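What follows is each chain in one-letter form.
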Amino acid sequence: MSIRRRIAMIVSLFSVLTVAVIVWAPTVGSTSISLSRAFNTSLPWADNVDAQIFFVARLPRVLAASLVGATLAAAGVVLQAMLRNPLATPFTLGVSAGAALGAMLAVIFQLEVGILGISSVPIMSFVGSLAAIGIVYALASSQKRGLSTNVLLLAGVTLNSFFSALILFVQYLADFTQSLRAVRWLMGDLDVGSYRPIIGAAPFIVAAFAVFAILPRTLNLLSMGEDVAAARGVEVVRSQRLAFLSASLATGAAVSLGGPVGFIGIIVPHLVRLLVGSDHRVVLPAATLFGAAFLVLCDLLARTIMAPLELPVGIITALIGGPFFLWLLVKKS
Amino acid sequence: MATGQKVLTTKVTKGILLSLFFFVSFVSFVVDVGAQQPKRIVSLVPNVTEILYAIGAGPQVVAVSSYDEEPPAVRALPKVGALLDPDTERILTLRPDLVITYGSQVDLQSQLTRASIPFFSYRHGDLAHIMATMRELGARTGHVADAERAASALEARIAAVRARVKGRPRPRTLLVFERQSGTLQNIYASAGRGFLHDMLDAAGGDDVLAEIEKESAQASIENILTRAPDVILELRSADRLSAAAMQREVSSWSSLASVPAVRNHRVIVLVGKGLTVPGPRVAEGIEQMAKALHP
């Protein structure tokens, strides 16, 4: 089978799975609704509870989950390949810690300024992630020759712990309910309640995916080593810059939308590699699609498993992701 | 055989003597504590501080937690940390003879035990627990009569509200005490237990989340749409809220058009610092809620 046909087949299989999940997920929930009633346009909107549950409660949630899941999984693939480190996640380079600090400041100082109907928490978290990206990028490119992936990793990890310390400090100064809210934000929450935050995050994510689309061949070469890639005509520094900036920007936007949902960025890429091999022309689209489906399913569990109580989705992804990741580690060694 | 019996008798006598000794020392300890009214109270729990002032034990309070603001008299007192970060050293240097701690502050409690400083362990409970705490602290601080008066006055006010709303239709109410401003995210509401639930009950409303056996629950949008509350009552812990801010908070709910509370314009924001404090201001909170539910 030619490589093109293989890619097309695998990607269409994953597409079918993902589309099926996204179509099915809004029809299930803690309450049962009648779909024919939900789509009955002759009923006045204000009287149609089923339609509101479908369009106001579930659909934005499913869309947010698929967007966040796809982004984190794809960013994980890109960063793992670029850093040549299987343990890299979208959060390794400090983006999520910056986002968390921003969100925390918005919660604790009760900033009320919102832009275009998006509240201050997601905006501040996006600003925080941009600050983190800026700092890490400046540090890594301060070396004479290009972008050092080692410095990138070390700067990211250090920034993560530095920001975590700042987060704890800010939390320590805050009052009790605010701290609780801030901690809750860290567990991830996809109950966005309207389409506005999704529309706000989407442009950044779409732009990043446009960059991802031209990366796979380069990532294949980069994962063999910078010298090999350079010998094959890859502009190493430029590609690394593109990969880092696009993956980080997308991660920042995703985190501001759904909170730092853990484990997606590391499990999904590895799982997909186990299933389809390591060619990034397949892995990247497959992981994107699978990430979307996976987070939508995790969120479905989060909102139904203990209904009417709701579990934070980050708990579900970590509960499933943790054991899986350990199994993977043992198996690989 | 005879020797064995003798040994046994000695053992029994020793046992009796020993328990007698413990009994006597226990009684003398209790009498001792009872006789000595605490004169230097440190309170680490803000709502209990309010209770202490309400039962006339205010003059005995020498230090409070860093979150204490009410009554205004406490603002001049030294602050000695709070729930998670009690400043044990400062507490000890103040030489208190009673420390009000929260039930979960076990480290502090064991340190106080080691320093032979009596403490009172408090935990939030239901509405009746507020009055019970008043009476208990009255006995502990030597203000039995004042505490009884304050507790009965609160009970009478609550009973008056109950009497006023009795027989009226009880609106199914979502009692929100926390929400990400301007959005419908991170909504926390009172559930089937605790003083907020009881306050709503006394004010003549039925909690839509009553079957959840917890003090609070995160209410998802789907959940709110399904439960379809008649009234959404939002508690805002602030001194005041501008008209524009109030309007903005109320209109955050407008996308849930099918919820009766939204449709019938019965989303009500109650503003007040004391609304969520289980202390002597609880009757005011209940009266405000009742006024909102049964205008």
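A quick note: this is a predicted structure, and the numbers were derived from the prediction, not measured.

Moving on: the overall build of chain A. Counting its regular elements, chain A contains 14 helices and zero strands. The N-to-C order of helical and strand elements in chain A reads α-α-α-α-α-α-α-α-α-α-α-α-α-α. The C-alpha atoms of chain A give 20 Å as radius of gyration, which agrees with the globular expectation for 333 residues (20 Å, within 12%). Its C-alpha atoms put chain A at 65 × 60 × 40 Å along the principal axes. Burial statistics for chain A: of 333 residues in total, 53% are counted as buried. Considering only contacts within chain A whose residues lie at least 6 apart along the sequence, 77% involve residues at least 24 apart.

To continue, consider the overall build of chain B. The number of helices and strands found in chain B is eleven helices and ten strands. Expressed as a percentage of its 295 residues, the buried residues of chain B come to 42%. Sequence-distant contacts, at least 24 apart, represent 57% of the contacts inside chain B between residues at least 6 apart.

The next point concerns the nonpolar core. Of all hydrophobic cores here, the largest spans 104 residues; its most connected members are L67, V68, V78, A254, A286, A287 and F290 of chain A. Apart from the residues within four sequence positions on either side, A254 of chain A is in contact with L67, V68, T71, L72, A201 and I205 of chain A. Counting 82 residues, the second largest nonpolar core, distinct from the first, contains Y102, L184, V231 and L233 of chain B.

With that out of the way, let us pick up the domain arrangement of chain B. Interfaces are often described in size by the accessible area the parts lose on coming together. All names here are of chain B. The assigned domain composition of chain B is domain 1 (41–123) and domain 2 (166–293). A separation of 31 Å is found between the C-alpha centroids of domain 1 and domain 2. Across the contact, four residues belong to domain 1 and five residues belong to domain 2. Tallied by class, the residues present in the side of domain 1 that touches domain 2 amount to two nonpolar, one polar and one charged.

The interface is formed by 25 residues belonging to chain B together with 31 residues belonging to chain A. When contributions to the side of chain B that touches chain A are tallied by element, the ones reaching two or more residues are β8 (216–218) and α8 (221–227) of chain B. With five residues, the top contributor of residues to the side of chain B that touches chain A is α8 of chain B. The residue inventory of the side of chain B that touches chain A, partitioned by class, reads ten nonpolar, twelve polar and three charged.

Moving on: helix α13 (residues 280–304) of chain A. Between its first and last C-alpha, α13 of chain A extends 35 Å over 25 residues, near the 36 Å set by a 1.5 Å rise per residue. Along α13 of chain A, 21 of the 25 residues are buried, which leaves the element largely enclosed by surrounding structure.

Before going further, it helps to examine the environment of A219 of chain B. All names here are of chain B. Note that A219 resides in the loop between β8 and α8. Residue A219 is classed as buried on the basis of its 29 C-beta neighbours within 10 Å. Sequence separation of A219 and L209 is ten residues, and the distance between their C-alpha atoms is 8.6 Å. Excluding residues that lie within four positions of it along the chain, A219 makes contacts with L174, I187, A189, L209 and I224.

What follows is about the environment of F324 of chain A. Structurally, the position occupied by F324 of chain A is in helix α14 (residues 313–332). Through-space distance from the C-alpha of F324 of chain A to that of L271 of chain A is 9.2 Å; in sequence the pair is 53 residues apart.

Quick look at the sheet that holds strand β4 (residues 119–122) of chain B now. All names here are of chain B. Overall, parallel pairing links the four strands, which are arranged β2-β1-β3-β4 in an open sheet. Of all the strands in the sheet, just β2 (61–64) and β4 have a single pairing partner and so form its edges. Between one strand and the next, the sheet's axes are offset by a mean angle of 20°, whatever the strand orientation. Inspection of the sheet shows strand β3 (residues 98–102) paired to β4 by four bridges, in the parallel sense. The residue of β4 that forms the bridge with I100 is F120. Sitting on the sheet, helix α2 (residues 46–54) touches β1 (41–43), β2, β3 and β4, and the angle it makes with β1 is about 140°.

All names here are of chain B. For chain B, per-residue confidence averages 85 on the pLDDT scale, and residues scoring 70 or more make up 88% of the total. Taken as a whole, residues 28–35 scores under 50 in pLDDT and shows one contact with residues more than four places along the chain or in a different chain. Scored as a complex, the prediction yields pTM 0.82 and ipTM 0.80.

Glancing now at the packing of helix α5 (residues 127–141) of chain B against helix α6 (residues 144–165) of chain B. Residues and elements named next belong to chain B. Interaxial distance between α5 and α6 falls to 7 Å at its minimum, and their mutual angle equals 170°. As the angle between them shows, α5 and α6 are arranged roughly antiparallel. In this structure, α5 uses M131, M134, R135, L137, G138 and A139 to contact α6, whose residues at the interface are V144, D146, A147, E148, A150, A151, L154 and E155. Split into classes, the residues belonging to the contact of α5 with α6 amount to nine nonpolar, one polar and four charged.

Okay, the environment of A229 of chain A next. Residues and elements named next belong to chain A. Considering the arrangement of structural elements, one finds A229 in helix α10 (residues 226–231). Given 20 C-beta atoms within 10 Å, A229 falls into the buried group. Measuring from C-alpha to C-alpha, the distance between A229 and T218 comes to 7.6 Å, with eleven residues separating the pair along the chain. For A229, the contacting residues outside a window of four places in its chain are L221, L222, M224, V234 and V236.

All names here are of chain B. In this model, E70 is joined to P71 through a cis peptide bond whose omega is -15°. Following the sequence through the fold, P71 ends up in the loop between β2 and α3 (88–93). Its identity as a non-glycine residue notwithstanding, N186 has a phi of 50°, on the positive side. Phi at H265 takes a positive value of approximately 55°, unusual for a residue other than glycine. Mapped onto the secondary structure, H265 falls in the loop between α10 (260–263) and β10 (267–271).

What counts and what doesn't
Residues numbered from 1 in each chain as written. Chains lettered and ligands numbered in written order. Predicted model: local features only at pLDDT ≥ 70, side-chain atom pairs only at ≥ 80, totals over all residues. Helix = DSSP H or I, 4+ residues; strand = E, 2+ residues; numbered from the N terminus. Rg over C-alpha atoms; globule rule 2.2 N^0.38 Å. Buried ≥ 20, exposed ≤ 12 C-beta atoms within 10 Å, placed from the backbone. Contact = placed C-beta atoms within 7 Å. Core = buried A, V, L, I, M, F, W, Y, C linked by C-beta atoms within 7 Å. Domains from an automatic or database assignment. Nonpolar A, V, L, I, M, F, W, Y, C, P; charged D, E, K, R; others polar. Expected span 1.5 Å × (residues − 1). Pairing = 2+ DSSP bridges. Axes fitted to C-alpha atoms, helices over the stretch in contact; angles between N-to-C directions. pLDDT = per-residue confidence, 0-100. Parallel < 35°, antiparallel > 145°, perpendicular 65-115°, else oblique.

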